[in-house]
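Remarks on the overall topology
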Amino acid sequence: MVTHLNLDLNARVLQVFLFFNKVKGSSDSPGKITFSFVFDLKVGKGVDDMAGVEQRQNKSGGGKYFFCSGGKKKEVKKETGLGLSFTKDENFGEWYSEVVVNGEMIEYYDISGCYILRPWAISIWEIMQTFFDAEIKKMKVKNCYFPLFVSPGVLQKEKDHIEGFAPEVAWVTKSGESELEVPIAIRPTSETVMYPYYSKWIRGHRDLPLKLNQWCNVVRWEFSNPTPFIRSREFLWQEGHTAFATKEEADTEVLQILELYRCIYEEFLAIPVTKGRKSELETFAGGLYTTSVEAFIPNTGRGIQGATSHCLGQNFAKMFEINFENEKGEKGMVWQNSWAYSTRTIGVMVMVHGDDKGLVLPPKVAALQLIVIPVPYKDADTQGIFDACVATVATLSDAGIRAEADLRDNYSPGWKYSNWEMKGVPLRIEIGPRDLANNQVRAVRRDNGAKTDISRVFLVEQVKGMLDKIQQNLFDVAKQKRDACVEVLKTWEEFVTALGQKKLILAPWCDEEDVEKDVKARTKGDMGAAKSLCTPFEQPELPEGH
């Protein structure tokens with residue numbers, strides 16, 4: 001173990017580090033680790049490990065999270081819009097829990113850590129699923145479905161793998177009132193579920209490559225402080241499991257899949273991510289190496305592992321005897337990959353783009369891209385305005401824009417504005433008497449509040465252009481905020497200072513596990529601890545001679 005650490009200025013690559021905080025206890029609040037999922041050193045190295053936001057379901061205490069040691073919690077009760085009591089900057093955790101509920105993304109369930117995903121959230125998942133499913137099918141990946149239950153013998157076959165997941169495995173022990181003779185595990189991931197059958201199906205080189213994917217749910221039980229989308233006991237994901245004759249084929253696919261994950265985050269969710277390789281300490285349990293896309297939440301200074309693409313090497317092939325005979329009649333073991341992304345993507349989107357009015361949805365993933373609201377004044381031609389709203393929706397829908405009209409007569413226009421802002425609809429169109437008389441509409445952007453009068457003659461063209469601008473602006477703003485938090489440094493003193501400022505640190509790295517552990521140990525305390533995220537594939541140039 002390294003006892004005296006200086007950052008290795010001769011390192012060939014830079015490693016991304018992140019900071020997390022520990023909130024001290026006080027007389028009215030026990031000490032606790034906040035935002036601690038990925039940073040909790042006891043958490044297993046699963047595909048889905050990441051930083052989470054502490055979710056407190058007991059609202060009675062109120063409170064503000066402090067990003068330094070000490071200090072009592074301060075109650076914040078400030079109305080910021082329809083149904084919101086907390087601001088994003090003042091109390092991120094409470095703000096997030098309010099937004100996902102009031103924005104109709106989730107509803108709480110009577111089992112802790114489990115959530116009802118409402119249509120507003122599922123529609124986003126379906127849009128991403130449609131894109132990703134089509135792309136992997138171009139790669140000749142086929143969908144399948146394996147059972148939810150796993151026998152203990154199979155689960156425990158790969159020792160390192162199950163040790164990584166053991167605390168999170170849920171077990172079925174009873175059927176009715178009868179104890180099961182052998183408990184049955186509920187899958188936390190499916191390597192051990194699927195690979196016994198890969199051994200059965202793969203015999204020769206003509207059976208390769210074998211490329212399967214399943215869209216399913218998984219259960220990971222052992223944790224505290226659940227957070228909707230980010231950290232739940234059951235979540236939806238896709239998991240791909242592939243087998244190849246050569247390592248070169250496996251390596252190529254790892255990066256192909258990682259690029260698709262980048263597309264999901266950057267091109268659909270408008271979230272900038274960093275592609276890179278995990279350290280040995282953070283590699284998927286039982287795997288050869290892990291690549292990931294890493295997101296960042298500037299408001300909290302937290303990193304989030306967005307998705308992972310693993311090269312499993314031949315370890316699982318050895319354990320499960322997945323062998324094949326090549327063209328020369330020689331025996332060999334397959335090379336395997338696994339890769340996954342989950343509904344966590346939705347939570348990251350809310351955290352990055354949401355504001356004090358509620359959700360802010362990128363147009364590409366919004367179930368509803370545009371809402372049309374009538375604004376009838378007293379003695380106005382109400383029916384004419386309503387007819388114009390219906391006609392506007394029809395025109396936009398025919399052009400492939402997801403649009404609806406809110407014609408409810410028991411709510412005022414102002415209430416409707418707040419309601420649809422809370423739900424994050426990218427663009428609002430208002431039609432009042434003046435708009436009707438001038439054959440125009442007023443468009444209001446959700447991302448920046450900009451208002452524009454549009455002639456109905458050019459409606460479709462103008463609206464499509466505005467939606468494209470909103471999508472790009474959300475990405476640009478998020479990237480500017482992320483980049484403003486990045487610190488490139490080369491000395492230990494700079495490293496420690498940046499940690500205290502909740503920065504995303506790019507630092508020289510020797511890629512030694514003992515050094516990584518020592519960095520965590522030396523930075524752990526009242527001010528928190530550092531944790532590596534990845535070695536980015538895109539490296540800045542180091543000074544000459546280093």
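You'll find the protein chain entered in an unreviewed UniProt entry as proline--tRNA ligase, with Durio zibethinus given as the organism. As recorded by UniProt, the Catalytic activity (unreviewed entry) comment attached to the protein chain reads in full: "tRNA(Pro) + L-proline + ATP = L-prolyl-tRNA(Pro) + AMP + diphosphate".

**Here we look at helix α9 (residues 382-398)**
The end-to-end C-alpha separation of α9 is 25 Å, in line with the 24 Å expected for 17 residues at 1.5 Å each. Within α9, burial applies to Gly 384, Ile 385, Phe 386, Ala 388, Cys 389, Thr 392, Val 393 and Leu 396. Next to the buried residues of α9 lie β18 (370-374), β19 (403-405), β20 (427-431), α11 (433-437), β21 (440-445) and α12 (459-484).

**So, the environment of Ala 121**
Assignment of secondary structure puts Ala 121 in helix α2 (residues 119-138). Put simply, Ala 121 and Val 100 are 21 residues apart on the chain and 9.2 Å apart in space, counted from C-alpha to C-alpha. Setting aside residues no more than four positions away along its own chain, Ala 121 makes contact with Met 105, Phe 229 and Ile 346.

**Things to note about the packing of aromatic side chains**
This structure, assessed with the given rule, holds 22 aromatic pairs. Ring centres of Phe 146 and Tyr 197 lie 6.3 Å apart, and the angle between their planes is 55°; this geometry places the pair in the tilted category. Taken as a pair, Phe 146 in the loop between β6 (142-143) and β7 (149-150) and Tyr 197 in helix α5 (residues 191-201) lie far apart in primary sequence, 51 residues in all. On the accessibility criterion, Phe 146 (8% relative accessible area) is buried. An aromatic cluster of at least three residues, connected via ring pairs, comprises Phe 146, Tyr 195, Tyr 197, Tyr 198, Trp 201, Phe 316 and Phe 320. Sitting above the plane of the Trp 221 ring, Arg 233 keeps its charged end 4.5 Å from the centroid. Looking at Arg 522, its charged tip hangs above the ring of Trp 492, at a distance of 4.5 Å from the centre.

**Here we look at the packing of α9 against α12**
With their axes 10 Å apart at the nearest point, α9 and α12 run at an angle of 70° to one another. The angle between α9 and α12 places the two elements in the roughly perpendicular class. In this structure, α9 meets α12 at a crossing whose hand is right-handed. Each of Thr 392, Thr 395 and Leu 396 in α9 lies in contact with α12, whose residues at this interface are Leu 459, Val 460 and Val 463.

**What about a nonpolar patch on the surface?**
On the surface, Tyr 109, Ile 111, Ile 116 and Trp 221 cluster together to form a nonpolar patch covering roughly 370 Å² of accessible area. Here Tyr 109 shows up in the loop between β4 (106-108) and β5 (115-117). Take Tyr 109: its relative accessible area is 46%, and that puts it in the partly exposed class.

**Quick word on the pairing of β21**
Of all six residues making up β21, five are buried, and the element is well covered by its neighbours. In the sheet, β20 pairs with β21 via four bridges, with the strands oriented antiparallel. Each residue of the ladder has a partner; that of Glu 430, found in β21, is Arg 442. As paired elements, β21 and strand β22 (residues 451-455) share five bridges and run antiparallel to each other. Along β22, the bridge assignment pairs Val 441 with Ile 454. Here β21 folds back onto β22 in antiparallel fashion, the turn holding five residues, of which Gly 449 has a positive phi close to 75°.

So, how was this worked out
- Residues numbered from 1 in each chain as written.
- Predicted model: local features only at pLDDT ≥ 70, side-chain atom pairs only at ≥ 80, totals over all residues.
- Heavy atoms only, no water.
- UniProt positions renumbered as here; feature names shortened; annotations may be inferred.
- Helix = DSSP H or I, 4+ residues; strand = E, 2+ residues; numbered from the N terminus.
- Expected span 1.5 Å × (residues − 1).
- Buried < 20%, exposed > 50% of the residue type's maximum accessible area, 1.4 Å probe, protein only.
- Contact = heavy atoms within 4.5 Å.
- Phe/Tyr/Trp six-rings, centres within 6.5 Å; stacked < 30°, edge-to-face > 60°.
- Lys NZ or Arg CZ within 6 Å of the ring centre and 35° of its normal.
- Axes fitted to C-alpha atoms, helices over the stretch in contact; angles between N-to-C directions.
- Parallel < 35°, antiparallel > 145°, perpendicular 65-115°, else oblique.
- Left-handed = near helix turned anticlockwise from the far one by under 90°.
- Patch = residues over 30% accessible without salt bridge, like charges linked within 9 Å, V, L, I, M, F, W, Y side chains within 5 Å.
- Areas by Shrake-Rupley, 256 points an atom, 1.4 Å probe, with all protein chains shown as cover.
- Salt bridge = Lys/Arg side-chain N within 4 Å of Asp/Glu carboxyl O.
- Pairing = 2+ DSSP bridges.

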